[in-house]
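Structural characterization, general
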Amino acid sequence: MAGRGKLIAVIGDEDTVTGFLLGGIGELNKNRHPNFLVVEKDTTINEIEDTFRSLGSLLGSVVEAKPNEHDPPLDETDSRQFLHRDDIGIILINQYIAEMVRHALDAHQHSIPAVLEIPSKEHPYDAAKDSILRRARGMFTAEDLR
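Taking an unreviewed UniProt entry as the reference, the protein chain is identified by name as V-type proton ATPase subunit F belonging to Callithrix jacchus. One UniProt comment on the protein chain, placed under Function (unreviewed entry), says "Subunit of the V1 complex of vacuolar(H+)-ATPase (V-ATPase), a multisubunit enzyme composed of a peripheral complex (V1) that hydrolyzes ATP and a membrane integral complex (V0) that translocates protons. V-ATPase is responsible for acidifying and maintaining the pH of intracellular compartments." Turning to the protein chain, the UniProt annotation filed under Subunit (unreviewed entry) states: "V-ATPase is a heteromultimeric enzyme made up of two complexes: the ATP-hydrolytic V1 complex and the proton translocation V0 complex."

Rendered as structure tokens:
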């Protein structure tokens, strides 16, 4: 891409998102949709998933995280807009939030936007749960690493 660079999107707890916003990553696209989501205790898994996939109306708002197994299934026809948003190059997501929507993360097979799992203040990083590391391990044999 020869013109403008790509943005970093963040889906995380209040401390994580606030830190990145203070670092200058906050942006609005041409439709006035921000590139972040603050997940709190009452946010449903469906809201997180919708945001990950569409990064549209929910992104940039403060919603609260509450796993809900009774959430209706997502409509697959319009659920991939976020992952195909051309101004996003990297999606940072707290690892404990990524665990809530693991099936959506695992379904994303493209390199851009790259989805990176990061630790939060309350939840340390666990390499065994990181989908990128699991994929990388699958690409190499023990002999390749010698």
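1. Considering the overall build of the protein chain
Regarding its fold elements, the protein chain presents five helices and five strands. In the protein chain, which comprises 146 residues, the proportion classed as buried is 39%. By sequence separation, contacts in the protein chain at least 24 residues apart represent 65% of the contacts at least 6 residues apart. For the protein chain, the accessible surface area stands at approximately 8,600 Å², while carbon and sulfur atoms represent 54% of it.

2. Quick look at the environment of glycine 89
Of note, glycine 89 is situated in strand β4 (residues 88-94). Note: C-alpha distance between glycine 89 and alanine 114 (25 residues apart in sequence) is 6.4 Å. In this structure, glycine 89 is in contact with Lys6, Leu7, Ile112, Pro113 and Ala114, ignoring residues within four places of it in sequence.

3. Some details on the pattern of salt bridges
Overall, the coordinates contain three salt bridges when judged by the stated rule. Notably, a salt bridge pairs aspartate 15 with lysine 121, separated by 3.2 Å at the nearest N-O pair. Of this pair, aspartate 15 sits in helix α1 (residues 14-22) while lysine 121 sits in the loop between β5 (114-118) and α5 (131-139), placing them 106 residues apart in sequence. Overall, lysine 121 belongs to the exposed group, its relative accessible area being 64%. Of the charged contacts in the structure, one is a salt bridge between glutamate 117 and arginine 102, with a shortest N-O distance of 2.5 Å. Within this pair, whereas glutamate 117 is found in strand β5, its partner arginine 102 is found in helix α4 (residues 102-107), the two being separated by 15 residues in sequence. Accessibility expressed as a relative area gives 7% for glutamate 117, which makes it buried. Via salt bridges that share partners, Glu99, Arg102 and Glu117 belong to a single interconnected network.

4. Topic: the environment of glutamate 99
Here glutamate 99 is to be found in helix α3 (residues 95-100). Spatially, the C-alpha atom of glutamate 99 lies 9.6 Å from that of glutamate 117, the residues being 18 residues apart in sequence.

5. What to know about the confidence of the model for the protein chain
Per-chain confidence: the protein chain averages 75 in pLDDT, with 73% of residues scoring 70 or above. Per-element confidence in the protein chain is highest for α1, whose mean pLDDT is 95, and lowest for strand β3 (residues 62-66), whose mean pLDDT is 47.

6. So, the pairing of strand β1 (residues 7-12)
Counting buried residues along β1, five of its six residues qualify, which places the element largely inside the surrounding structure. For β1 and β4, the ladder comprises five bridges, and the chain directions are parallel. Looking at the pairing, alanine 9 lines up with isoleucine 91 of β4. Both β1 and strand β2 (residues 36-44) contribute to a ladder of three bridges, which runs parallel. When the bridges of β2 are listed, glycine 12 appears paired with valine 38.

Rules of the game
- Residues numbered from 1 in each chain as written.
- Predicted model: local features only at pLDDT ≥ 70, side-chain atom pairs only at ≥ 80, totals over all residues.
- Heavy atoms only, no water.
- UniProt positions renumbered as here; feature names shortened; annotations may be inferred.
- Helix = DSSP H or I, 4+ residues; strand = E, 2+ residues; numbered from the N terminus.
- Buried < 20%, exposed > 50% of the residue type's maximum accessible area, 1.4 Å probe, protein only.
- Contact = heavy atoms within 4.5 Å.
- Areas by Shrake-Rupley, 256 points an atom, 1.4 Å probe, with all protein chains shown as cover.
- Salt bridge = Lys/Arg side-chain N within 4 Å of Asp/Glu carboxyl O.
- pLDDT = per-residue confidence, 0-100.
- Pairing = 2+ DSSP bridges.

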